[in-house]
Amino acid sequence: MTTGTAGDGGYLVENAFGYGQNISVEKEGYLPPLHREVVFENITNRLDLELEPEPPQARTAPGFSAGMGILALAGGLLAVRARRRREG
């Protein structure tokens, strides 16, 4: 089962009363997913989980991976090289 959070961070998991659940929480820009094993003992339960933000140097622009950065750099170097050949 998968659920998303509301604007306030709250979420709803239905029909889980009395069953052991493996809860995983993840969000882009935060350290690897947080995992907890819980048993919901009541119809309504509160479970507060807090994710740790990634250090700023570990973040990349959305849609921009290290591999894409290498390709962009290589393309830039090839363009400079071609320009020098035309001018020289």
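Keep in mind that this is a model prediction, so the values were computed, not measured.

## Let's talk about the overall build of the protein
Here is step 1: Check the secondary structure of the protein and you find 1 helix and 2 strands.
Here is step 2: Along the protein, helices and strands appear, N-terminal first, in the series β-β-α.
Here is step 3: Across the 88 residues that make up the protein, the buried fraction comes to 7%.
Here is step 4: As displayed, the protein has an accessible area near 8,000 Å², and 53% of this comes from carbon and sulfur atoms.

## With respect to the confidence of the model for the protein
Here is step 1: Mean pLDDT over the protein works out to 77, with 84% of the residues at or above the 70 mark.
Here is step 2: Here helix H1 (residues 66–87) stands out as the element of the protein with the lowest mean pLDDT, 73, in contrast to strand E2 (residues 34–39), whose mean of 88 is the highest.

## Re the pattern of salt bridges
Here is step 1: Counting across every chain of the model gives 1 salt bridge.
Here is step 2: Asp-48 serves as the salt-bridge partner of Arg-46, at 3.1 Å between the closest nitrogen and oxygen.
Here is step 3: Judged by relative accessible area, Asp-48 falls into the exposed class, the value being 59%.

## Notes on the environment of Asn-42
Here is step 1: Position of Asn-42 relative to the elements: it lies in the loop between E2 and H1.
Here is step 2: Distance from Asn-42 to Ala-16, taken between C-alpha atoms, is 9.3 Å for residues 26 residues apart in sequence.

## Quick notes on the environment of Glu-50
Here is step 1: Checked against the element boundaries, Glu-50 lands in the loop between E2 and H1.
Here is step 2: Put simply, Glu-50 and Val-25 are 25 residues apart on the chain and 8.9 Å apart in space, counted from C-alpha to C-alpha.

## Remarks on the environment of Leu-12
Here is step 1: Inspection of the secondary structure puts Leu-12 in the segment before strand E1 (20–25).
Here is step 2: Sequence separation between Leu-12 and Asn-45 is 33 residues, and the spatial gap between their C-alpha atoms is 9.6 Å.

Rules and cut-offs
- Residue positions are given per chain, counted from 1 along the sequence in the order it is written.
- Per-residue local features are limited, in this predicted model, to residues with pLDDT of at least 70; the limit for side-chain atom pairs, both in listing and counting, is 80 or more; totals at the level of whole chains, interfaces and linings are taken over all residues.
- Only hydrogens and water are set aside; all other atoms, that is, all heavy atoms of the structure, feed into the side-chain values.
- We count a stretch as a helix when DSSP gives it H or I for four or more residues in a row; a strand needs E for two or more, and each element gets its number in order from the N terminus.
- Residue exposure (1.4 Å probe, protein chains only): buried if accessible area is under 20% of the type maximum, exposed if over 50%, otherwise partly exposed.
- The method behind every accessible area is Shrake-Rupley, applied with a 1.4 Å probe, and residues are considered shielded solely by the protein chains displayed.
- Residue-level confidence of the predictor is what pLDDT reports, using numbers from 0 through 100.
- The salt bridge criterion pairs a side-chain nitrogen of Lys or Arg with a carboxyl oxygen of Asp or Glu, the two atoms within 4 Å.

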